[in-house]
Amino acid sequence: MKLLEDKIRKDGVVKEGGVLKVDSFLNHQMDIPLFDEMGKEWKRLFADAPVNKILTIEASGIGVACIAARHFGVPVVFAKKARSVNIDGEVYSTKIESFTHRRVYDVIVSRKFLGPEDHVLIIDDFLANGKALEGLIQIVESAGAVLEGIGIAIEKGFQPGGELIRGKGVRVESLAVIESMDVESGVKFRRQPGHS
Ligand code: 5GP
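In this report, we go over the structure that sits alongside the text. (Residues numbered from 1 in each chain as written. Predicted model: local features only at pLDDT ≥ 70, side-chain atom pairs only at ≥ 80, totals over all residues. Heavy atoms only, no water.)

Some thoughts on helix H3 (residues 62-72)
- All of the buried residues along H3 are Gly63, Val64, Ala65, Ile67, Ala68, Ala69 and Phe72.
- Check the buried side of H3 and you find it contacts helix H2 (32-45), strand S3 (53-57), strand S4 (76-82) and strand S7 (119-127). (Buried < 20%, exposed > 50% of the residue type's maximum accessible area, 1.4 Å probe, protein only. Helix = DSSP H or I, 4+ residues; strand = E, 2+ residues; numbered from the N terminus. Contact = heavy atoms within 4.5 Å.)

Okay, here's the thing in structure tokens:
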């Protein structure tokens, strides 16, 4: 998505260690007109999918998932990072290793908000090693729900997550795919036919 690529070129900051900072428009301060265009683009790409729920993970997926949800006309459920998992059967739970914080979280979703009747679109801000998505996919599977696909804002194509998740047969639509990036030369994007 050219609009997002241009924004990343202009306001994204490449850090050492393969980290892209986008906190001025994506995951701290949030550019809502941009989110709205992103939501519109995911809706166009998943027009044929009978999505009735969007699933994301706190904290940084929530903003973009909420704006996307207006285009789909569906509710958003976000997976919560829990300090301790209560094992009385009220929640689906999984463990997710965080790329940015280098620790493992227990992540939960209440059984009240996800079940076999649901057709789920997962939305998240980044795809790097795919750990966050693997956890969310596991939660969708535990619920017996149908995973219609995954919408990602920024995929770091030089990390293995995209291949890993697509290798499971899941449809992943990333609005910007970074082919390579470094502190000196900045960010290079992968062309995606059929994307705006
Ligand atoms: P994964 O689980 O795919 O390795 O990483 C996904 C999560 O890590 C995302 O939800 C995002 O919060 C965070 N993340 C991964 N790479 C980056 C990055 O380069 N910049 C920022 N800001 N967050 C990232």
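Let's pick the thread back up.
Comments concerning the packing of aromatic side chains
- Considering all chains together, one arrives at 0 aromatic pairs under this definition.
- Positioned over the ring face of tyrosine 105 is lysine 81, at 4.9 Å from the centre of the ring.
- When the ring centre of tyrosine 105 is taken as origin, the NZ or CZ atom of arginine 103, which lies over that ring, is 4.2 Å away. (Phe/Tyr/Trp six-rings, centres within 6.5 Å; stacked < 30°, edge-to-face > 60°. Lys NZ or Arg CZ within 6 Å of the ring centre and 35° of its normal.)

A look at the side chain of threonine 94
- Positionally, threonine 94 belongs in strand S5 (residues 91-97).
- Within the structure, the side chain of threonine 94 is placed 3.2 Å from the side chain of glutamine 138, a separation counted as a polar contact.
- With residues near it in sequence (within four places) discarded, threonine 94 still touches Tyr105, Asp106, Val107, Gly135, Gln138 and Ile139. (Polar contact = N/O pair within 3.5 Å; in protein donor to acceptor, adjacent residues only side chain to side chain.)

Digging into H2
- Helix length check: H2, at 14 residues, gives a terminal C-alpha distance of 20 Å against a target of 20 Å (1.5 Å per residue), a fit within 8%.
- Taken together, the buried positions of H2 are occupied by Leu34, Phe35, Met38, Gly39, Glu41, Trp42 and Leu45. Buried residues of H2, viewed axially, fall in a sector of 165°; they line one side.
- Check the buried side of H2 and you find it contacts helix H1 (2-11), H3, S7, strand S8 (146-156) and strand S9 (172-182).
- With a side-chain oxygen lying 3.1 Å from the backbone nitrogen of leucine 34, the N-terminal cap of H2 falls on aspartate 31. (Expected span 1.5 Å × (residues − 1). Arc of directions from axis to C-beta.)

A look at the pattern of salt bridges
- Within the structure shown, the criterion is met by 16 salt bridges.
- Residue lysine 10 is joined to aspartate 11 by a salt bridge in which the shortest nitrogen-to-oxygen separation is 3.6 Å.
- In this structure, aspartate 118 and lysine 53 form a salt bridge, with 3.4 Å as the shortest nitrogen-oxygen distance. On the criterion of sequence distance, the pair formed by aspartate 118 in the loop between strand S6 (104-110) and S7 and lysine 53 in strand S3 is long-range, its members being 65 residues apart. Both residues of the pair, aspartate 118 and lysine 53, count as buried.
- Connected through salt bridges with shared partners, the residues Lys7, Lys10, Asp11 and Asp31 form a single ionic network. (Salt bridge = Lys/Arg side-chain N within 4 Å of Asp/Glu carboxyl O.)

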